[in-house]
Amino acid sequence: MTESITITDNRNGESYEIPIVNGGVSATEWSKILPGIWFLDPGFLSTAAAESQITYLDGTAGILRYRGYPIEQLAEGSTYLEVAYLLLNGELPTESQFEQWRHDVTYHTFIHENVRKRFLEGFHYDAHPMGMLVSAVAALSTFYLDAKDIFDPAARQKQIMRLIAKMPTLAAAAHRFSVGMPFVYPDNSLDFPSNFLSMMWKVAEPHYQPDPALSRALDILFILHADHEQNCSTTAMRVVGSSHADPYSACAAACAALYGPRHGGANEAVIRMLTEIGSIENVPAFISEVKSGHGHVRLQGFGHRVYKNYDPRAKIIKRTADEVFAVTGKNPLLDIALKLEEIALSDEYFTSRRLYPNVDFYSGLIYQAMGFPLEMFPVLFAIARTAGWLAHWQEMLDQDSKIARPRQVYVGSGPRDYVPIGLRSA
Ligand code: CMC
């Protein structure tokens with residue numbers, strides 16, 4: 001049976017039947033009977049902006065799948081590079097496909113010397129690494145002029161490889177600059193997460209080999225952050241990409257969207273909140289402050305636009321945290337976080353609003369224990385999400401989508417005459 005909705009226009013009594021396809025109804029069909037009347041949906045609370053085959057998310061049941069594969073299985077058995085391949089190509093790679101992909105990404109990790117020497121080293125000494133990343137990614141478009149050939153399959157694939165490969169190099173370079181340490185060149189003998197850790201932490205040793213448990217933990221965090229369907233930064237990528245801008249410019253826009261505390265900055269906010277709370281004894285008072293603050297003071301790392309259940313990624317991260325702390329020693333803020341979670345999960349304020357820990361509640365504790373400064377947290381998120389951004393960008397281009405151009409409901413003043421400045425009253 002075809003599912004549909006029938007609506008009647010009470011102005012003329014005419015009825016229209018609109019099919020429900022894959023759980024959605026076409027706004028274009030609705031608008032045929034409502035000419036000049038727009039669907040008002042700020043923040044896209046009720047709007048599906050795309051049809052996508054990449055990520056399935058059921059926020060009520062707490063399910064997340066990339067290309068059909070449960071996030072739990074990917075975090076258990078896969079690697080970030082393999083997941084990136086899956087997101088971009090739709091299928092897990094064969095051994096030879098993966099070997100080619102790994103080789104290609106590994107050999108594109110170097111950045112042009114001018115990107116580092118002229119751009120990154122031109123920043124003020126205390127520049128935020130995420131601000132540096134946003135600018136450096138945009139600057140890449142000026143180095144790869146073939147980036148504009150977005151409908152040439154070979155050129156498109158090359159930019160995808162370059163972006164996945166160069167993000168960790170740019171990220172580590174931004175960090176090294178901010179702490180006054182010399183730039184470390186990529187080490188092609190290391191795997192993706194280990195190479196990033198080498199570029200972050202290497203000092204004078206001829207070959208840096210990170211602890212395998214930390215490398216694996218970082219890889220799992222990258223897998224968990226690789227995609228999350230139509231989130232704010234991915235939407236930015238699609239919107240800018242819909243104008244047929246090159247992928248570096250679109251990716252810089254996505255990075256900029258991720259910079260905000262409501263999105264990629266939340267794990268940094270969690271650590272600041274936990275540090276401010278200071279000790280377990282202060283947790284109940286903080287919870288009371290959140291509850292009486294009417295939304296002004298938020299429990300950072302809690303709540304999600306889509307998840308109305310425990311974020312499945314948060315569960316995996318909680319387990320990963322134990323493996324990291326076994327190497328680094330326990331993050332002293334962990335006990336405060338656990339107490340906050342315990343109280344919040346049994347408090348009516350949070351349960352009635354279906355506020356549960358999200359991916360950011362525990363990820364910051366891991367990053368901090370591994371030695372990453374707070375400013376690097378959104379940068380780490382950006383490295384991982386690049387695979388998702390590019391997968392959506394590619395899908396959008398292949399769908400021959402229209403340029404993103406929403407309508408508005410105008411609520412400003414009516415027509416009025418211009419008054420010269422000297423004649424205006426105070
Ligand atoms: N602490 C306390 N109250 C909250 C929180 C929170 N973290 N989140 C939502 N609420 C309350 C909010 O005050 C509102 O209450 P009321 O109905 O009484 O006005 C209700 O819950 C609904 O909140 P909302 O702001 O309308 O929900 P939203 O879907 O627009 O916002 C959110 C989602 C993630 C922005 C929000 O939950 C939030 O600010 N959380 C803290 C920041 C955070 O952890 N962000 C990371 C999100 S996951 C990573 C990512 O996707 O980037």
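Residues numbered from 1 in each chain as written. Predicted model: local features only at pLDDT ≥ 70, side-chain atom pairs only at ≥ 80, totals over all residues. Heavy atoms only, no water.

The next subject is the pairing of strand β1 (residues 4-9). Bridge analysis of β1 against strand β2 (residues 14-21) gives six bridges, and the strand direction is antiparallel. Each residue of the ladder has a partner; that of Thr 8, found in β2, is Ser 15. Where β1 folds back onto β2 in an antiparallel hairpin, the turn is made up of four residues, including Gly 13, whose phi is positive at roughly 75 degrees. (Pairing = 2+ DSSP bridges. Helix = DSSP H or I, 4+ residues; strand = E, 2+ residues; numbered from the N terminus.)

Before going further, it helps to examine the environment of Arg 118. By the element assignment, Arg 118 lies in helix α5 (residues 113-119). In this structure the C-alpha to C-alpha distance between Arg 118 and Gln 300, which are 182 residues apart in sequence, comes to 37 Å.

Another aspect to go through is a nonpolar patch on the surface. Together, Trp 38, Leu 40, Val 409 and Val 411 make up a nonpolar patch on the protein surface, roughly 430 Å² of accessible area in all. Within the fold, Trp 38 resides in the loop between α1 (27-33) and β4 (55-58). (Patch = residues over 30% accessible without salt bridge, like charges linked within 9 Å, V, L, I, M, F, W, Y side chains within 5 Å. Areas by Shrake-Rupley, 256 points an atom, 1.4 Å probe, with all protein chains shown as cover. Salt bridge = Lys/Arg side-chain N within 4 Å of Asp/Glu carboxyl O.)

The strands making up a sheet are joined through hydrogen bonds of the backbone, oriented either antiparallel or parallel. Strand order in the open sheet formed by three strands is β4-β5-β6, and the pairing between neighbours is antiparallel. The open sheet has two edge strands with one neighbour each: β4 and β6 (69-70). As defined by bridge partners, β4 adjoins strand β5 (residues 63-66) across four bridges and the pair is classed as antiparallel. Residue Thr 55 lies in a different strand from β5, and its bridge partner there is Tyr 66.

The next subject is the side chain of Asp 187. Its location among the elements puts Asp 187 in the loop between α7 (153-178) and α8 (192-201). There is no salt bridge for the buried Asp 187, and the closest opposite charge comes from Lys 202, which lies 6.5 Å off by N-O distance. A polar contact of 2.7 Å, which involves the side chain of Asp 187, links it to the side chain of Ser 189. There is a polar contact of 3.0 Å between the side chain of Asp 187 and the side chain of His 207. Residue contacts for Asp 187: discarding those within four places in its chain leaves Asn 195 and His 207. (Buried < 20%, exposed > 50% of the residue type's maximum accessible area, 1.4 Å probe, protein only. Lys, Arg positive; Asp, Glu negative; His and termini not counted. Polar contact = N/O pair within 3.5 Å; in protein donor to acceptor, adjacent residues only side chain to side chain. Contact = heavy atoms within 4.5 Å.)

You can read the domains of the protein chain as domain 1 (4-56) and domain 2 (57-399). Between the C-alpha centres of domain 1 and domain 2 there is a distance of 34 Å. At the boundary of domain 1 with domain 2, total buried surface from both sides reaches about 1100 Å², with 52% on carbon and sulfur atoms. The largest share of the area that domain 1 buries against domain 2 comes from Ile 54, Thr 55 and Tyr 56, three residues that together contribute 63% of it. At the boundary of domain 1 and domain 2, one finds zero salt bridges. Applying the counting criterion to the domain 1 and domain 2 interface returns eight residue pairs in polar contact (both at pLDDT 80 or more). The residue inventory of the side of domain 1 that touches domain 2, partitioned by class, reads five nonpolar, four polar and one charged. (Domains from an automatic or database assignment. Buried area = accessible area lost by both parts, 1.4 Å probe. Nonpolar A, V, L, I, M, F, W, Y, C, P; charged D, E, K, R; others polar.)

Per the counting criterion, the structure on display carries 16 salt bridges. Glu 268 is the salt-bridge partner of Arg 272, the closest N and O atoms lying 2.8 Å from each other. Of this pair, Arg 272 and Glu 268 both sit in helix α12 (residues 266-277), four residues apart, roughly one helical turn. Residue classification places Arg 272 among the partly exposed residues on the basis of a relative accessible area of 43%. We classify Glu 268 as buried; its relative accessible area is 13%. For Asp 311, the salt bridge is made with Arg 313, and the minimal N-O distance between the two is 2.8 Å. Using a relative accessible area of 2% as the deciding quantity, one classes Arg 313 as buried. Connected through salt bridges with shared partners, the residues Glu 113, Arg 116, Lys 117 and Glu 121 form a single ionic network.

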